[in-house]
Amino acid sequence: MTNTTTTITTSSQGVLRVSVDPRGDSDDSPKAVPRRRVDDTFMDDLSTLDGEGATIGRGAPIQGIPTFTDPHEERKWVLQHMAGAFRVIARKGYLEGTAGHISVRDPVDPDTFWINPLARHFAMMRACINNAGFNIHSALHHARPDVNAACHFHSIHGKAWSCFSRPLEMLNQDACTFYKDHAVYNTFGGIAFEGLEGTRIASALGDRRCAILRNHGLLTTGGTVDEAAFLFTLMENTCRAQLLAEAAAASGIEKQLCPHEEAEYTYRLTTPESMWLEFQPDYEYELQESAGGFLE
C-alpha cells in the first residue's frame, strides 16, 4: 500500500488546496500508463487561426485551449472554468444531496489539486475538501499524472445504467466518443470513506478516460476541466439513450449498433481539444446568465 502525506492549505478566498505527497510505492499502487491518443485527425488543428488548419464550416476559425507563461494566471483560468463547470452541472440537474465532485490539478503546484466543499450547492461553489471526494480523486490523480481534471456525480441515468455493470454500446455517433475508452468498475464498495476504495476505482479506470462505477455513478477525466465536464454530460446522456434503447429492445425491436470501423473513426475525432471545444457553449451560457459572477 502506498503511504501518503496530505497537506491542506487555505487561499485568500477561503478555498482549500489538497497536496498529496506519496511516500514509497508498492505493487498494489496503480501505475496506469496512459494510452497514446490518436493524433492524426483533422480535429487536432482546431486551434490554428492562420487558415492553415481545419475550421468548423471552413471560414469560422476556432480559438483553441489557451496556453500560459504564468502558472498563476493559468490557475486563475482553471478555477474559473471549474466554477463554470459546476454551474453547468447544477443547471443540468446532476445533483443528489452532498454527492458529487470535480477536482482539478493545480498548475502552480502539480502535486496538489482543488476540489469542491461538502454540502455546498454546485451553483454557489467555492472549492474545498471532503473526505469521500478526496479518497476517489487523490488516488486518481496519483495514478494518472496525465489527468488534470476529474468529474464524478450521481446523475440519474448514470446511476440507473451502472446497476447493469455493463459498458455502453455504440448505439449512435455520440456514444462512439466512449469507444473502447471507458471502463466498468464491477464492484460496489460503499461510500468511498476509505482510501482503498479510491485506489480500486483508479485501478479499474486504468488508462481510459471514463468509467462506470457499478451501483454508484459515472467518472470522467480530462486534460482540462472543460473536457472532463463535457464528457460527463455526454456520458450521462448516452446512458439515458442506452436505457431507452434497452426498453425498446425488450419489446422485440432489434438494435443496430455502429460498425466497429466507423465507431473507431468517430472516436478518433474526440481529441482532448475537441472535447474542450464542445464544452465552450455551455460555459459561455453560464457566463452570460451569471453576468460573470462566478469569475471572482
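Quick caveat, the model's predicted, so the values are computed rather than measured.

**Overview of the overall build of the protein chain**
When helices and strands are tallied, the protein chain shows seven helices and eight strands. Once local pairs closer than 6 in sequence are excluded, the contacts in the protein chain between residues at least 24 apart make up 69%. Approximately 14200 Å² of the protein chain is accessible, and the part contributed by carbon and sulfur atoms is 52%.

**Overview of the packing of helix H5 (residues 225–249) against helix H7 (residues 272–290)**
At their nearest, the axes of H5 and H7 sit 8 Å apart, and the two run at 75° to each other. As summarised for this structure, H5 and H7 are arranged roughly perpendicular, according to the angle between their axes. Together, Asp226, Glu227, Ala229, Phe230 and Leu231 of H5 and Pro272, Met275, Trp276, Glu278, Phe279 and Gln280 of H7 make up the contact between the two elements. Split by residue class, the contact of H5 with H7 holds seven nonpolar, one polar and three charged.

**Points about the pattern of salt bridges**
All told, the structure shown has 13 salt bridges when counted by the stated rule. Glu96 is the partner of Lys159 in a salt bridge, and the nearest nitrogen-oxygen pair spans 2.9 Å. Placement of the pair is Lys159 in helix H3 (residues 156–162) and Glu96 in the loop between helix H1 (71–92) and strand E3 (101–105), with a sequence separation of 63 residues. For Lys159, a relative accessible area of 27% puts it in the partly exposed group. Glu96 sits in the partly exposed class, given a relative accessible area of 37%.

**Some points on the pairing of strand E8 (residues 217–222)**
A regular strand places its side chains so that they alternate between the two faces of the sheet. Within E8, six of the six residues are buried, which leaves it mostly tucked inside the rest of the structure. Of the strand pairs in this sheet, strand E5 (residues 149–153) and E8 are connected by five bridges, and their pairing is antiparallel. The partner of Phe153 across the bridge, within E8, is Leu218. Sheet analysis places strand E7 (residues 210–213) next to E8, joined by four bridges and oriented antiparallel. Among the inter-strand pairings, Ala211 is bridged to a residue of E8, identified as Leu219. Between the antiparallel neighbours E7 and E8 lie three residues, among them Asn215 with a positive phi of about 60°.

Reading guide: rules and limits
- Residues numbered from 1 in each chain as written.
- Predicted model: local features only at pLDDT ≥ 70, side-chain atom pairs only at ≥ 80, totals over all residues.
- Heavy atoms only, no water.
- Helix = DSSP H or I, 4+ residues; strand = E, 2+ residues; numbered from the N terminus.
- Contact = heavy atoms within 4.5 Å.
- Areas by Shrake-Rupley, 256 points an atom, 1.4 Å probe, with all protein chains shown as cover.
- Axes fitted to C-alpha atoms, helices over the stretch in contact; angles between N-to-C directions.
- Parallel < 35°, antiparallel > 145°, perpendicular 65-115°, else oblique.
- Nonpolar A, V, L, I, M, F, W, Y, C, P; charged D, E, K, R; others polar.
- Salt bridge = Lys/Arg side-chain N within 4 Å of Asp/Glu carboxyl O.
- Buried < 20%, exposed > 50% of the residue type's maximum accessible area, 1.4 Å probe, protein only.
- Pairing = 2+ DSSP bridges.

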